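Residue strings, one per chain:
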Amino acid sequence: MSIEVRRRTVLAAGGAAAIAAGAAACGGGSTTSGGASKSADVTLPTYQALEGLTPDLEGSEDGLHSVFLKAPEKLLTTVDKKPITSGAVSALTETFDTPPPAMKDNPFWQRLNEALGGDLNLTIAVDAGGGYPEKFATTLASGDLPDLMWVPPNQGIPNIGPMLESQFTDLTPYLEGDKVLEWKNLAALKPGSWRTAVVNGKIWGAPIPSTPFGQVYLGNPTLWDEVGGFQPSSADDFLEKCKAISQPGKVWALEPALINALHMFGEWFGAPNGYRVNKDRTLNSRFQTDEYREAIEFAAKVWKAGAFYPDVNLAEGQQMFAAGTLGAVVAVGPRSASEYRSQNPDLLADIMIPFAAVEGRTPVYDMGYGTVGFTPLKKTDDEKKIRELLDLINYLSAPFGTVEFMQKNFGTEGEDYEIKDGNYVRTAAGEQNAPGLVSALTIMASGESVIYNPNPDDSKYIYEQEKLLLELAMQSPVKGLYSDTSSAKGSELNSKMNDVIQEVIQGRKTMDDYDAAVKEWEEKGGKKILEEFAAVLPEDVPVTPDPKA
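Residues numbered from 1 in each chain as written. Predicted model: local features only at pLDDT ≥ 70, side-chain atom pairs only at ≥ 80, totals over all residues. Heavy atoms only, no water.

To continue, consider the overall build of the protein chain. On a plain count of helices and strands, the protein chain comes out with 20 helices and 19 strands. Expressed as lengths along the three principal axes of its C-alpha atoms, the size of the protein chain is roughly 60 × 55 × 40 Å. The 549 residues of the protein chain split such that 59% are buried. Across the protein chain, contacts joining residues at least 24 apart in sequence account for 80% of those joining residues at least 6 apart. Per element, the accessible surface of the protein chain, about 21600 Å² overall, is 48% carbon and sulfur. (Helix = DSSP H or I, 4+ residues; strand = E, 2+ residues; numbered from the N terminus. Buried < 20%, exposed > 50% of the residue type's maximum accessible area, 1.4 Å probe, protein only. Contact = heavy atoms within 4.5 Å. Areas by Shrake-Rupley, 256 points an atom, 1.4 Å probe, with all protein chains shown as cover.)

Now the structure itself:
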């Protein structure tokens, strides 16, 4: 298995571009706070990697994951005491798996509590209906907050700055600079991850690292091998392959997550990763670019050809992909290629590398934000309580290759998992009790990510594809930057744009309607967002290359 937060719908509201803007929304504070300038001056926690973790294939500073081809023979111990000293700690989080059995019926959870020194009482929201934002808002409005509450980067939670200031604890005195070295696993989180947790010049919690890679198209090779493989040579070639695969009522080339598909198409046409930096250091949104318009027009052609599954509310896309009735799905990152073996043991998905949609065009690959938010502490002046909660988050942030990681993610050997052929394999009880809880724990605290799969050949393939993706990598120019207007309006504005885009793709609206929507986006806050991001754009952020040059 790959060690990461498995959530495709985290990016469904606009791909990597949305996660960049969403993260900015988490950092901007109120519309009058001036959070952007304050956050630029904060002293980030000192980075100090754990000694003794040696991967089989080395990662790199530009995002390539380290790879463990087999389970480490010896695990590191990173804490010297059980973190929970008050008897119990409460937290609000979310799971993207089937919810776990309750603590009283869950031996995996009970053994984790024993290792932690007390009960970790979790309220676990599920990725359905109103989802986490609704649960978060309800909990906040109740005034009865748990000790810990996960704050996601792009689920539309508004006015993050004022909320943090009034309801949560400023952790800057405990975590800035060398002060973080008291907690080994927190110090092993990279500076780029920490920027997510900085709002209004203060550090509000430990970040939750995720893959630095963005979305990818995954193909089921059983279907695509019949048309020469999943890697096309042009947009038209891709469309012809989709037509050849699709059999009305039986097989469809593509899942109907239209905004995710558009994100993939946009890369082929050279659309920017959220924003384009102009030579005069002003910014344009992807919505305003010719390349994004071309991608929308192409998506409409693909829809008209019947390549997409016709119901955009399809809930069984993953199962259909594993079964071979859907040819391709958009996944959160390249490591997802191996995940479908749990449903189809023979399926290692093909990872598409972006290509030139038309002759003379330079494709790009959008890197992701690299984190899934942070977890702040309920407001308190009790230093003993603050240190207890930091000790707990430190334990839960232990990386792969540590005793604490194993307890959190796999449990107890012989009870929850076994080691077979040098790899971790869950027992039947572990499969029942662990996944939903592990998902909920990983979304609220995690170490830096790695690649590890029971099948080492899967890991090698993913590693090599990551290298190819990095050759085309484009970072969002606003990564780590904050806009107060984006904090207040960004999610709503993007959501309205995406609604119009989906209507255009399905033929119910025209590109004239799209142009009108862009103008409305500009007038109701989009231009202000561009100005605010441009005002704090670092000098070392490069001008976006012209994909037509």
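This is not the end of the story, as more comes after the structure.
Turning to the packing of helix 11 (residues 258-269) against helix 19 (residues 484-505), a few remarks are in order. Interhelical geometry of helix 11 versus helix 19 gives an angle of 85° and a closest axis separation of 10 Å. Relative to helix 19, helix 11 is oriented roughly perpendicular. Contact with helix 11, carried on its side by Leu258, Ile259 and Leu262, involves Asn498, Ile501, Gln502 and Ile505 of helix 19 and no other residues of that element. Per-class residue counts for the contact of helix 11 with helix 19 are 5 nonpolar, 2 polar and no charged. (Axes fitted to C-alpha atoms, helices over the stretch in contact; angles between N-to-C directions. Parallel < 35°, antiparallel > 145°, perpendicular 65-115°, else oblique. Nonpolar A, V, L, I, M, F, W, Y, C, P; charged D, E, K, R; others polar.)

Right, let's get into the nonpolar core. Membership of the largest hydrophobic core comes to 61 residues, with the highest contact counts inside it found for Leu148, Leu175, Leu186 and Trp194. Here this core takes 7 residues from helix 14 (residues 383-396), the largest share from any one element. Excluding residues within four positions of it along the chain, leucine 148 makes contact with Val89, Ser90, Ala91, Leu92, Thr375, Pro376, Leu377, Leu389, Leu392, Ile393 and Met444. One finds Tyr217, Phe287, Ile296 and Val500 within the second-largest nonpolar core, a separate group that totals 57 residues. (Core = buried A, V, L, I, M, F, W, Y, C linked by side-chain atoms within 4.5 Å.)

Looking now at the sheet that holds strand 4 (residues 148-149). One open sheet holds the 3 strands; their spatial order is 3-2-4, and the pairing between them is parallel. With partners counted over all chains shown, the strands left at the sheet margins are strand 3 (119-126) and strand 4, one partner each. Where strand 2 (residues 88-95) lies against strand 3, 8 bridges are found, and the strand directions are parallel. By the bridge assignment for strand 3, alanine 91 is matched with leucine 122. Across the sheet, helix 17 (residues 435-442) touches strand 2 and strand 3, and the angle it forms with strand 2 is around 100°. (Pairing = 2+ DSSP bridges.)

It is worth spelling out the confidence of the model for the protein chain at this point. This prediction gives the protein chain a mean pLDDT of 90; 91% of its residues lie at or above 70. Here residues 1-37 scores under 50 on pLDDT; set against residues more than four positions off or in separate chains, the count is 124 contacts. (pLDDT = per-residue confidence, 0-100.)

Next up on the list: the packing of aromatic side chains. This structure, assessed with the given rule, holds 29 aromatic pairs. Ring centres 4.7 Å apart and planes at 70° place the aromatic pair tryptophan 252 and tyrosine 309 in the edge-to-face group. Taken together, the residues span a long stretch of sequence, with tryptophan 252 in strand 9 (residues 252-254) and tyrosine 309 in the loop between helix 12 (290-304) and helix 13 (317-323) at a distance of 57 residues. Residues tryptophan 252 and tyrosine 309 agree in their burial class; the two are buried. (Phe/Tyr/Trp six-rings, centres within 6.5 Å; stacked < 30°, edge-to-face > 60°.)

The next subject is helix 18 (residues 456-470). Compared with an ideal rise of 1.5 Å per residue, which puts 15 residues at 21 Å, helix 18 spans 21 Å between its outermost C-alpha atoms and is within 8% of the ideal. Those residues of helix 18 that are buried lie in contact with strand 1 (67-68), strand 8 (216-219), strand 13 (350-351), strand 14 (365-366), strand 18 (451-452) and strand 19 (473-474). Of the residues flanking the start of helix 18, the one acting as N-cap is asparagine 455, its side-chain oxygen 3.0 Å from the backbone nitrogen of aspartate 457. (Expected span 1.5 Å × (residues − 1). Polar contact = N/O pair within 3.5 Å; in protein donor to acceptor, adjacent residues only side chain to side chain.)

Attention now goes to the sheet that holds strand 13. Read across the open sheet, the 4 strands follow the order 9-12-8-13; overall the sheet is mixed. The open sheet terminates on both sides in strands that have one partner only, identified here as strand 9 and strand 13. Its contacts with the sheet put helix 11 on strand 8, strand 9 and strand 12 (326-331), and the angle it makes with strand 8 is roughly 105°.

Right, let's talk about the pairing of strand 2 for a bit. Within strand 2, 6 of the 8 residues are buried, which leaves it mostly tucked inside the rest of the structure. In this region the chain leaves strand 2, passes through helix 3 (residues 107-116) and returns to the parallel neighbour strand 3; the handedness of that crossover is right-handed. Here 2 bridges tie strand 2 to strand 4, and the two strands are oriented parallel to one another. Across the sheet, the residue bridging to leucine 92 is methionine 149, located in strand 4. (Right-handed = clockwise from strand over helix to strand, strands pointing away.)

This paragraph deals with the pattern of salt bridges. Overall, the coordinates contain 23 salt bridges when judged by the stated rule. With a closest N to O distance of 3.4 Å, glutamate 492 and lysine 496 form a salt bridge. With a gap of 4 residues between them, glutamate 492 and lysine 496 both fall in helix 19, about one helical turn apart. Among the residues examined, lysine 496 registers a relative accessible area of 42% and is labelled partly exposed. One salt-bridge network, held together by shared partners, links Arg111, Glu415 and Asp416. (Salt bridge = Lys/Arg side-chain N within 4 Å of Asp/Glu carboxyl O.)

Notably, asparagine 200 is not glycine yet its phi reads approximately 55°, a positive angle. Relative to the helices and strands, asparagine 200 resides in the loop between strand 5 (198-199) and strand 6 (202-203).

Attention shifts here to the environment of glutamate 464. Within the secondary structure layout, glutamate 464 lies in helix 18. Along the chain, glutamate 464 and leucine 64 lie 400 residues apart, while their C-alpha atoms are 9.4 Å from each other.

Here the focus is the packing of helix 10 (residues 235-245) against helix 12. The N-to-C vectors of helix 10 and helix 12 enclose an angle of 20°; their axes lie 10 Å apart at closest approach. By the angle between their directions, the pair helix 10 and helix 12 is classed as roughly parallel. Of the two elements, helix 10 crosses helix 12, and the hand of that crossing is right-handed. Residues Ala235, Asp236, Phe238 and Leu239 of helix 10 form the contact with helix 12, whose own contacting residues are Phe298, Lys301 and Val302. (Left-handed = near helix turned anticlockwise from the far one by under 90°.)

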